[in-house]
Amino acid sequence: QVQLVESGGGLVQAGGSLRLSCAASGRTFSTYAMGWFRQAPGKEREFVAAIRGSGLRTVYGDSVKGRFTISRDNAKNTVYLQMNSLKPEDTAIYYCAAHRTPYSMSTDPNNFDSWGQGTQVTVSS
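Presented here is a report on the structure given in the accompanying data block. (Residues numbered from 1 in each chain as written. Predicted model: local features only at pLDDT ≥ 70, side-chain atom pairs only at ≥ 80, totals over all residues. Heavy atoms only, no water.)

**Some words on the overall build of the protein chain**
Defined as follows: The numbering of helices and of strands both runs from the N terminus, where a helix is a DSSP run of H or I of at least 4 residues and a strand a run of E of at least 2. With the radius of gyration taken over C-alpha atoms, the globule rule is written as 2.2 Å times the number of residues to the power 0.38. Accessible area is worked out with a 1.4 Å probe on protein chains only. A residue is then buried under 20% of its type maximum, exposed over 50%, and partly exposed in between. In this analysis, two residues are considered to be in contact whenever any of their non-hydrogen atoms come within 4.5 Å of each other. Calculation of accessible area relied on Shrake-Rupley with a 1.4 Å probe; when residues are assessed, cover is drawn exclusively from the protein chains displayed. Neither His nor the chain ends contribute to the count of charged residues, in which Lys and Arg are positive and Asp and Glu negative. Positions of charges follow a simple convention, taking NZ of Lys, CZ of Arg, CG of Asp or CD of Glu.
When its secondary structure is counted, the protein chain shows 0 helices and 11 strands. Shown N-terminal to C-terminal, the secondary structure of the protein chain runs as helices and strands in the order β-β-β-β-β-β-β-β-β-β-β. Scaling as 2.2 N^0.38, a compact globule of 125 residues should have a C-alpha radius of gyration of about 14 Å, and the protein chain matches this with 13 Å. For the protein chain, the spread of C-alpha atoms along the three principal axes comes to 40 × 30 × 25 Å. Expressed as a percentage of the 125 residues in the protein chain, the buried residues total 46%. Within the protein chain, residue pairs in contact and separated by at least 24 positions form 59% of the contacts whose partners lie at least 6 positions apart. Carbon together with sulfur atoms contributes 46% to the accessible area of the protein chain, which is approximately 6100 Å² in total. When the 13 basic and 9 acidic side-chain charges of the protein chain are each reduced to a single mean position, those positions are 5 Å apart.

**Considerations on the environment of Thr122**
Topologically, Thr122 is positioned in strand β11 (residues 119–124). On the basis of relative accessibility, which here comes to 29%, the residue Thr122 falls in the partly exposed class. When the C-alpha atoms of Thr122 and Asp90 are compared, they prove to be 7.4 Å apart, with 32 residues separating the residues in sequence. Among all residues touching Thr122, those that are not within four sequence positions of it are Gly10, Leu11, Val12 and Thr91.

**A short note on the pattern of salt bridges**
Short version of the rule: Salt bridges are defined by distance alone: a side-chain nitrogen of Lys or Arg within 4 Å of a carboxyl oxygen of Asp or Glu.
Scanning the entire structure with this criterion turns up 5 salt bridges. Of the charged contacts in the structure, one is a salt bridge between Asp113 and Arg27, with a shortest N-O distance of 3.3 Å. Taken together, the positions of Asp113 in strand β10 (residues 112–115) and Arg27 in the loop between β3 (18–25) and β4 (34–39) put the pair 86 residues apart, joining distant regions of the chain. Through salt bridges with shared partners, one network takes in Arg38, Glu46, Arg67 and Asp90.

Listed below in structure tokens is the structure:
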């Protein structure tokens, strides 16, 4: 497994932006896909975005397409989530996660075996 530490959450007004970061340690970062998920109170964990180890392929959940961008810096063992045009419905705890299998990609949280502690994002209307 890998250790993950998120940062960058906070309170922002609707229409604003935030950038989340997730620093990883513990295994070869560049060979594993990374993902962002979120969970709002009373709701199931939702897929937000994922990126291949190489950074050459990304995939997004329908609710964030065109507004959020996932990226990674393998030299810094860090993955980012740039969130623009935020809406109140984006309010949730955001988690980064590392895929369990090298050179694989998925949107299913069951395929990710390492999770950060989460960072709160609150969007006010």
